[in-house]
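What follows is each chain in one-letter form.
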Amino acid sequence: MLGICRGRRKFLAASLTVLFVPAITWIYLFAGSFEDGKPVSLSPLESQPHSPRYTASSQRERESLEVRMREVEEENRVLRKQLSLAQSRSPSHHRSNHSKTYSMEEGTGDSESLRAGIVAGNSSECGQQPAVEKCETIHVAIVCAGYNASRDVVTLVKSVLFHRRNPLHFHLIADAIAKQILATLFQTWMVPAVRVDFYDADELKSEVSWIPNKHYSGIYGLMKLVLTKTLPSNLERVIVLDTDITFATDIAELWAVFHKFKGQQVLGLVENQSDWYLGNLWKNHRPWPALGRGYNTGVILLLLDKLRKMKWEQMWRLTAERELMSMLSTSLADQDIFNAVIKQNPFLVYQLPCFWNVQLSDHTRSEQCYRDVSDLKLQKQLSELDEDDLCYEFRRERFTVHRTHLYFLHYEYESASDNTDVTLVAQLSMDRLQMLEAICKHWEGPISLALYLSDAEAQQFLRYAQGSEVLMSRHNVGYHIVYKEGQFYPVNLLRNVAMKHISTPYMFLSDIDFLPMYGLYEYLRKSVIQLDLANTKKALIVPAFETLRYRLSFPKSKAELLSMLDMGTLFTFRYHVWTKGHAPTNFAKWRTATTPYRVEWEADFEPYVVVRKDCPEYDRRFVGFGWNKVAHIMELDAQEYEFTVLPNAYMIHMPHAPSFDITKFRSNKQYRICLKTLKEEFQQDMSRHYGFAALKYLTAENNS
């Protein structure tokens, strides 16, 4: 849409006129407070007539001040009475608690704050708006489709949450992609006093698909026209927003504008700021009919109950059919049709000011309005933990819910016809971002990545990715943002998020600091068939090596890699600090192997493997550094997976600075004690779950 008010990113602000500023200022400066209409002195000396400072002059000043304060109080009383009369004439709000499709109410607060932009402007209506009841639910409708739109919605929602004081009910008209992303986001965000309902946008396409539309929003840009039919029948009013809106004030101030509607006014709209509807932008420019400059539909207040009574559906359809006979198509989607209807029925619209001035105050929430609707199971689990336990913070991480934004960037994947496709799975934080381009050059297949980032880092990542030709040329990479919460790196949670959202039957469980050999993707697809992974429980091992050199001429064949091993340019992975981790791979045998060979599990084994997508998840109790992969491989063994080493596959670990978590592990004795405790508890859980067969893990641990 066009106009200053609907640019790429818009800001909403509201101006408040404080009626009692003069009165309150006088009262607090000179009296402090009143009790039963009598002034209370600020100074104890003034209440003591025998004080040396208490003179006839000061007595006269005091009496004069008391007279003035009584006058101010009387002015204040009259103003309050006038305001009360004005509010009593305004219609009261009605609430709707209807739930149509998918809904949830979340319980714990978001730890991130949003710096909202502020736009100052002159409002044509500076009077104080009627107050919104503090526990009244505000309803917001948004049409959202695709990956990019869902990312914009997050910015919009965060700006609303930053300022809001009321419960919110979001009505999201979304396609399948946006619903998957946003449902996970809200479930893991767990914002208090927020409810979300989804409405299937694909089911609404037939309602508007008959309208030719040239606007980039496509068919989704027309769906605001059918909200009276789509939203619950008992929902009386709603604020409708474009995804590229950002609020810089409490949305309740916009909700309160409904009180100002009079007569048959059912639409609250801002005047369009461009000359589009004036028809003078270029020669032969012929826009749809509009009232003056027309109205912008980026922000709409809809009185749904009155619109339904007016037969809105019939009204806009007849108007669209009539205008399309000469206009042939819409240029600005729903905005053209809204304006054509208003041109014929100007009494329908209440004009909103384009900008509001923001009066920032403290952003405390009215806690009494928010019911404790947190997940009872989660609360029960946390309550069972002993806060005096020295490992309490480790145990708590297992139950922490992290806000998660799936498919942060556009994702496309076409499934392979032979059902052999393999997705590379990895996780990373901001300090490993530089590995992404190299991995994309080494692995042409699909990739699923979980990124552990703060809100600010997510925006940095977005700029980094959009500035990279390599990353922007790849659409088969799923980027899933898991937002930071707590003091540990949730490595296994991240792996589980990345594993859960793959589109292939098989996955290669890797780490972000490993580069797979060139051609590994195709080699693994052939191995999947050769070793019948579809019908057997196998874990195919990709042998791991490492280099200490930041610049490495990457070996293009096994023969070249063996030569580099002999020259000391490469080493078997962690041979000098953690030999047990990969010793069972049997590198000596691998050097001459030409066919896959089976190896047995041993204590502390943690190879990188290719498995079916239905393999068990990683255990979330292990965070930061230590035992996160070991526990997973142990569970694969307990479930009787066969470990098979691939003779012509390899991956190489690239050097980097040590992570924060490994530094904590090495320097903090309590960290190591807690890790040992968690290991023992995991092994006990394995014994309980897998019985006698799991006893070998305890024996192996004791002998290692």
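To be clear, the structure that these remarks concern was listed above.
Only a predicted model underlies this, so the values are computations on that prediction, with no experimental measurement involved. (Residues numbered from 1 in each chain as written. Predicted model: local features only at pLDDT ≥ 70, side-chain atom pairs only at ≥ 80, totals over all residues. Heavy atoms only, no water.)

S.K.: Where do I start with the overall build of the protein in this structure?
M.R.: Counting its regular elements, the protein contains 23 helices and 24 strands. For the protein, buried positions account for 53% of its 704 residues. In the protein, once contacts between residues fewer than 6 apart in sequence are set aside, the share between residues at least 24 apart is 83%. A total of about 32,800 Å² of accessible surface is found on the protein, and carbon and sulfur atoms cover 52% of it. (Helix = DSSP H or I, 4+ residues; strand = E, 2+ residues; numbered from the N terminus. Buried < 20%, exposed > 50% of the residue type's maximum accessible area, 1.4 Å probe, protein only. Contact = heavy atoms within 4.5 Å. Areas by Shrake-Rupley, 256 points an atom, 1.4 Å probe, with all protein chains shown as cover.)

S.K.: Please clarify how the packing of aromatic side chains should be interpreted in this entry.
M.R.: How two aromatic rings sit relative to each other is given by the distance of their centres and the angle of their planes. Per the counting criterion, the structure on display carries 27 aromatic pairs. When the centroid spacing of 5.1 Å and the interplanar angle of 80° are considered together, the rings of F394 and Y671 count as edge-to-face. Here F394, found in helix 12 (residues 392–397), pairs with Y671, found in helix 22 (residues 669–690); they are 277 residues apart in sequence, far enough to count as distant. Site record: aromatic cluster; members linked through ring pairs are W255, F258, F261 and Y350. The aromatic ring of W189 is capped on one face by R403, whose charged end is 4.7 Å from the ring centroid. A cation over a ring is seen here: R495 above Y618, with NZ or CZ 5.1 Å from the ring centre. (Phe/Tyr/Trp six-rings, centres within 6.5 Å; stacked < 30°, edge-to-face > 60°. Lys NZ or Arg CZ within 6 Å of the ring centre and 35° of its normal.)

S.K.: Just checking my understanding: could you explain the packing of helix 3 (residues 146–163) against helix 4 (residues 176–189) for this structure?
M.R.: One can describe the packing of helix 3 onto helix 4 by two numbers: an axis separation of 9 Å at closest approach and a directional angle of 30°. Between helix 3 and helix 4 lies a crossing whose hand is right-handed. Between helix 3, through G146, Y147, S150, V153, V154, V157, K158 and L161, and helix 4, the contact on the second element is made entirely by I177, A178, I181, L182, L185, F186 and W189. Counted by class, the contact of helix 3 with helix 4 contains 12 nonpolar, two polar and one charged residues. (Axes fitted to C-alpha atoms, helices over the stretch in contact; angles between N-to-C directions. Left-handed = near helix turned anticlockwise from the far one by under 90°. Nonpolar A, V, L, I, M, F, W, Y, C, P; charged D, E, K, R; others polar.)

S.K.: When you look at unusual backbone geometry in this model, what are you seeing that I'm missing?
M.R.: Trans is the prevailing form of peptide bonds, just as negative phi is the prevailing case for residues other than glycine. A positive phi angle, near 45°, is found at Y407, a position not held by glycine. Mapped onto the elements, Y407 comes out in the loop between strand 12 (404–405) and strand 13 (422–429). A relative accessible area of 6% places Y407 in the buried class. One non-glycine residue, D604, lies in positive phi territory at about 70°. Among the structural elements, D604 can be located in the loop between strand 21 (597–599) and strand 22 (608–612). A residue is classified by how much of its surface remains accessible, and D604, at 4% relative accessible area, is buried.

S.K.: Before we go on, may I ask you to explain the side chain of D511 in this structure?
M.R.: Its place among the elements puts D511 in the loop between strand 16 (506–509) and strand 17 (514–516). Those residues in contact with D511, other than ones at most four positions away along the chain, are A426, Q427, R495, Y608 and K629.

S.K.: When you look at the nonpolar core in this model, what are you seeing that I'm missing?
M.R.: Across soluble globular proteins, nonpolar side chains show a tendency to be buried alongside one another. One finds L449, F461, Y479, F508 and L524 to be the most contacted residues of the largest nonpolar core, which totals 115 residues. No other element matches the seven residues that helix 22 contributes to this core. When sequence neighbours within four positions are dropped, the list of residues in contact with F508 reads V422, T423, L424, V425, W443, L520, L524, V542, Y608, V609, V610 and M651. Core analysis: the next-biggest nonpolar cluster, separate from the first, contains 88 residues, A149, L182, M223 and L307 among them. (Core = buried A, V, L, I, M, F, W, Y, C linked by side-chain atoms within 4.5 Å.)

S.K.: Just to check I follow, could you spell out the state of the cysteines for this structure?
M.R.: Linking two cysteines covalently via their sulfur atoms produces the bond known as a disulfide. Per the stated rule, a full pass over the model turns up one disulfide. Here C391 pairs with C674 through a disulfide, and the sulfurs are 2.1 Å apart. For the disulfide bridge between C391 and C674, the dihedral angle about the S-S bond is near -95°, and by the sign convention the bridge is left-handed. Of the two residues, C391 is situated in the loop between helix 11 (376–383) and helix 12 and C674 in helix 22; the sequence distance between them amounts to 283 residues. (Disulfide = S-S within 2.5 Å.)

S.K.: How do you make sense of the sheet that holds strand 11 (residues 349–352) when you look at a structure like this?
M.R.: By way of backbone hydrogen bonds, the strands of a sheet pair with one another, either parallel or antiparallel. Taken together, the seven strands give an open sheet; going across it, the order is 6-5-4-7-10-9-11, and neighbouring strands pair in mixed fashion. Among the strands making up the open sheet, the edge pair consists of strand 6 (194–200) and strand 11. When strand polarity is set aside, the average angle formed by the axes of neighbouring strands in this sheet is 25°. Taken together, the five bridges between strand 7 (residues 237–241) and strand 10 (residues 295–303) define a ladder with antiparallel strand orientation. Bridging from a neighbouring strand, R237 pairs with L303 of strand 10. Set on the sheet, helix 3 makes contact with strand 4 (138–144), strand 5 (168–174), strand 6 and strand 7; between it and strand 4 the angle comes to about 160°. This element, helix 5 (residues 201–208), spans strand 5 and strand 6 of the sheet and lies at about 55° to strand 6. (Pairing = 2+ DSSP bridges.)

S.K.: How do you make sense of the pattern of salt bridges when you look at a structure like this?
M.R.: Where side chains of opposite charge bring their charged atoms close, a pairing between them can arise. Enumeration according to the criterion identifies 29 salt bridges in this entry. With a shortest N-O distance of 4.0 Å, D334 and K224 are connected by a salt bridge. Note that D334 is positioned in helix 10 (residues 334–344) and K224 in the loop between helix 5 and helix 6 (227–230), a separation of 110 residues in sequence. Side by side, D334 and K224 carry an identical accessibility label, which is buried. (Salt bridge = Lys/Arg side-chain N within 4 Å of Asp/Glu carboxyl O.)

The analysis is restricted to geometry; functional conclusions fall outside its scope.
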